[in-house]
Amino acid sequence: MSNVLSSQLEQNAKPITLLAPIKLYDSFFLADEHDTVYASQRELKEPMIVVHINEKRGHAFLMNIRGTLKKPIRVEIVDLIDAVESSELLKGETFQSTQSKTLFDQLSDNQKAKASLRFKIIESLVNDLDNVLYRSYREGAITKVANENNLTKATIYRYLWAYLYSGRKFAALGFGVGEYANSVQSGRVLTKPQGRPSKRSKVTGIDTRKIIDATDIENFKFAIALMEKGGKGAARTFKSAYDRMLPKKYAEKIVLLDNRQASISGNEKEIHLKPENERPSFWQFKYWLEQTYGDGLVALRNKIVPHSKRHSDLNGRVGNAYVNVTGPGQRYEIDETPFDEEILSELIPCLSLGKPTLYVIIDVYSRYIVGFYLTFGNPSVYEMSNAIYQCLRDRKGWLESIGCADFLSDWIQLGPPETIAVDNAEFNNTLSEPILNSLGVRVDFGKPGSGNDKPFVESVFNKLKGALPHLSPGHRGESQSQQRSNEARKHALLTKTQLYREIMRVCVHHNTKAINGHFHLEKEAILDGVKRTPADIVTWSVNNMKSRMLPLLDDRELRLALLPQGEVSVQQKGIFLKGQSQKLFYNCPAIRLMGLQDRPHKGASRSKILSCRYDPNDISSIWIDCKGEQYEAFIDQKYHRYEGMNHIERDELDALLTLNEEEAHQEEANSQASLYANVEAVINQSKQQLKQSARISSTAQKVRENRKLENSLTDAPLEREPNDTSLSDQDSGDNNKNNDSTKKTPWMDRR
């Protein structure tokens, strides 16, 4: 406390311990029983704050807190203390305005420029406040500053009062001054939903809009917090944040399914949301974001999803590929994309397999997802054929093979299309020609680097990710740093079967629930009550003979049509499959009965070339095309070791055999050389013996007699009685334990 204030208190004989010192920006309020309080003959009618203290003169300057800021009034500090002591005024804590809590760095560029300019104008007044606040000096100082800056004195007063009101904070000058310095905008009371009624509201008479209240605002803040937290599990788009908010904040009821229902539907619970007029729409949420964040909204969005990725994946690229498509099955689109979800092995626990490749087929007319296929193979015509077979085969067998048999009732079986749009890289080659000819499907090749030729399958890729980018820690982000990082691989959770089920859920939702607002239904379909969902469009079109699909094929016929084509050479010794790293021969009874393997007559070709189909992963059987029919041929017995193997496994098996026999080849060569050397030695030894004795010449008749004599003097093997020890394992070296009975029982007794 200052010396002046202490001396004044002593003169009034007031105990200093009973009075709190007056500090800058202390606040004072009128007691409830007082409408007006007088201090130093000044009338106080409202709450005030101390904005300046002149210790030399013992004066305090008070400024109003409510309403438009007015010039400070001067009161004696002693009178102010008397009013507090008599309980006419109540002293409060140090007052802080909203503007005083804002730092300069938190201002926008426009606010920073405004604050700097205003402070520069009043800087000379601020540096001499003791004199400015007294009338005799103030008028001249204010007039001088106003003239120098070509402003009115009222404007200078507003700048100065705002500066004092905010606790002399430089940043406060970036906000409103005068009547706007401490004004509070009156809250807008909404009595009806904002915006125009939707078309559905006009038709049904049910309002689909909600009046936004404080609870909705809190829920909006919860939704945006899902994006702002970042990292794994964060919402990546405003729509995903809104979708995750709805079941948590606007669920009317949650139904837990029993085990039987859960096994049928594949879900553990069903969420029933409140009616539309009791929950905010996405566009209301988006409007709140724009009003709240302003320019910062774009920065927040780019922080979560890079600008380039958002424009490439989320923007619609319709093109003109759908022109003149009049029915389901007239045109399909197929494409592949790396699926950004790290998955684990089902055979070896916790073994990371990386990211699979996802193939998708979609019907252009109805936007119905015909099927999808996950693989770890590189994009090729073979993998594309696998995808087509997976999507067009019998739905029951397909769904059972991927662990989704419980979705059978939600899936519609579609047949081959008239035309299919494919990539240049995978299908524009000689290997694909027989596949397409067998199916009877016309192929439309896309232009290199042009996604507009297949716009619908390109746009559905992002939808098939579902909630995984926003919830799964094993999902790899789009940014370069996230792609290079191994964090997603370290946190992988799902197996291939689990990923199939998650994609299947999204497909079923898209096919049966998602409304295609861009589709134009025919008049008859509207009268029949058809909804614009892909499944309803396909069903109605098929029932009304508008389908353009080709007839359904059974799985065996479809598989044969999609297998790679090769050639066989029908030879007398067998049917030779050409183009393989091994010489593979096959047997086919039907081909043999046709006489194609008979010895050719003079002048005819030694072999006949026929086309065939074969499975690269299992060459145990092939299918030969002959005279418009297909005949199955089976691999020759000599090559059964190759059953169930692809060409890589066959090459590895042959390499292993070669490695095993490497030492044997050397031993064979050594043995052959020894054989010749030993035989030569025996011959030479025999020659030496013959030289020492005279050779007995004999005629042919005499030789025959000599042979008979030699044979009679030699015992035949069966004429010799075996010894008891002749069958001993130790003497004979016999390791065949199954012949032990011959040691005990003679052959005649064992008949």
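Reading the values: rules and limits
- Residues numbered from 1 in each chain as written.
- Predicted model: local features only at pLDDT ≥ 70, side-chain atom pairs only at ≥ 80, totals over all residues.
- Heavy atoms only, no water.
- Helix = DSSP H or I, 4+ residues; strand = E, 2+ residues; numbered from the N terminus.
- Areas by Shrake-Rupley, 256 points an atom, 1.4 Å probe, with all protein chains shown as cover.
- Pairing = 2+ DSSP bridges.
- Axes fitted to C-alpha atoms, helices over the stretch in contact; angles between N-to-C directions.
- Contact = heavy atoms within 4.5 Å.
- Parallel < 35°, antiparallel > 145°, perpendicular 65-115°, else oblique.
- Left-handed = near helix turned anticlockwise from the far one by under 90°.
- pLDDT = per-residue confidence, 0-100.
- Salt bridge = Lys/Arg side-chain N within 4 Å of Asp/Glu carboxyl O.
- Buried < 20%, exposed > 50% of the residue type's maximum accessible area, 1.4 Å probe, protein only.
- Core = buried A, V, L, I, M, F, W, Y, C linked by side-chain atoms within 4.5 Å.
- Expected span 1.5 Å × (residues − 1).
- 1 Å grid on protein atoms, 1.4 Å probe; cavity = no way out; pocket = protein on both sides within 12 Å on 5 of 7 lines; lining within 4 Å.
- Points joined across faces, edges and corners; volume = space filled by probe spheres on them.
- Nonpolar A, V, L, I, M, F, W, Y, C, P; charged D, E, K, R; others polar.

Caption draft 1: Representation of the overall build of the chain. Helix and strand counts for the chain stand at 29 helices and 23 strands. Of the roughly 45,200 Å² of accessible surface on the chain, 50% is carried by carbon and sulfur atoms.

Caption draft 2: Geometry of the sheet that holds strand β16 (residues 442–445). On the basis of which strands lie adjacent, the open sheet formed by 5 strands has the order β14-β13-β10-β15-β16 and mixed pairing. If you trace the sheet from one side to the other, it starts and ends with β14 (369–375) and β16, each paired once. Adjacent strand axes in the sheet meet at a mean angle of 20° when their direction is disregarded. Here strand β10 (residues 331–338) pairs with strand β13 (residues 357–363) via 7 bridges, running antiparallel. Within β13, the residue paired with Ile334 across the bridge is Ile361. Strands β10, β13 and β14 of the sheet are contacted by helix α18 (residues 455–464), whose axis makes an angle of about 125° with β13.

Caption draft 3: Quick peek at the packing of helix α8 (residues 214–228) against helix α9 (residues 238–249). At their nearest, the axes of α8 and α9 sit 9 Å apart, and the two run at 130° to each other. If you check the angle between α8 and α9, you find them oblique. Crossing geometry of α8 relative to α9 is assigned as right-handed. Between α8 and α9, the contacting residues are Asn219, Phe220, Phe222, Ala223, Ile224, Leu226 and Met227 on the first element and Phe238, Ala241, Arg244, Met245, Lys248 and Lys249 on the second.

Caption draft 4: Geometry of the confidence of the model for the chain. Looking at the chain as a whole, the pLDDT averages 78, with 81% of positions reaching at least 70. Low confidence marks residues 313–317, where pLDDT is under 50. Its contacts with residues over four positions away, or in another chain, come to 10 contacts. Low pLDDT (under 50) marks residues 741–751, which in the prediction has 6 contacts with non-local residues, meaning those over four places away or in another chain.

Caption draft 5: Main features of the sheet that holds strand β12 (residues 352–354). Spatially, 3 strands are ordered β12-β11-β17 in an open sheet, and the strand pairing comes out mixed. The strands lining the two open edges of the sheet, one partner per strand, are β12 and β17 (494–495). Pairing geometry for strand β11 (residues 343–344) and β17, over 2 bridges, is parallel. Bridging across to β17, Leu344 finds its partner in Thr495.

Caption draft 6: Seen up close, the pattern of salt bridges. All told, the structure shown has 14 salt bridges when counted by the stated rule. Residues Lys355 and Asp340 are paired through a salt bridge, measuring 3.3 Å at the closest nitrogen-oxygen approach. Taken together, the residues Lys355 in the loop between β12 and β13 and Asp340 in the loop between β10 and β11 connect sequence positions 15 residues apart. Residue classification places Lys355 among the partly exposed positions, given a relative accessible area of 30%. Across the salt bridge formed by Glu522 and Lys546, the nearest N and O atoms sit 3.6 Å from each other. Residue Glu522 is located in the loop between α22 (496–512) and α23 (523–527), and its partner Lys546 is located in the loop between α24 (534–543) and α25 (555–562); the two are separated by 24 residues in the primary sequence. A relative accessible area of 28% means that Glu522 is categorised as partly exposed. Residue class for Lys546 comes out partly exposed when judged on its relative accessible area of 28%. Salt bridges linked by common partners bring Lys210, Asp213 and Asp216 together as one network.

Caption draft 7: The nonpolar core, seen in detail. Ranked by size, the top nonpolar core spans 58 residues in total, and within it Val360, Phe372, Ile388, Leu464, Ile503 and Met504 carry the most contacts. For this core, the element with the most residues is α22, which contributes 7 residues. Tyr25, Ile49, Leu129 and Leu160 belong to the second-largest nonpolar core, a separate cluster that totals 31 residues.

Caption draft 8: Just helix α11 (residues 282–293), in detail. With 12 residues, α11 should cover 16 Å at 1.5 Å per step; its first-to-last C-alpha distance of 16 Å lies within 8% of that length. What α11 keeps buried is the set Phe282, Gln284, Phe285, Lys286, Trp288 and Leu289. Gly294 sits one or two residues past α11 and shows a positive phi near 60°.

Caption draft 9: Structural detail: empty space enclosed by the protein. Following the criterion strictly, the structure yields 4 cavities of 30 Å³ or more and no others. Estimates place the volume of the largest cavity at around 80 Å³. Of all the elements in the fold, those that place two or more residues in the lining of the largest cavity are α14 (381–392) and α17 (433–439). Tallied by class, the residues present in the lining of the largest cavity amount to 10 nonpolar, no polar and no charged. A volume near 50 Å³ is recorded for the second largest cavity. Together, Tyr365, Phe519, His520, Leu521, Glu522, Ala525, Val530, Ile537, Trp540 and Ser541 line the second largest cavity. Looking at the lining of the second largest cavity element by element, the count peaks at 3 residues for α24. Among the residues forming the lining of the second largest cavity, the class breakdown is 7 nonpolar, 2 polar and 1 charged.

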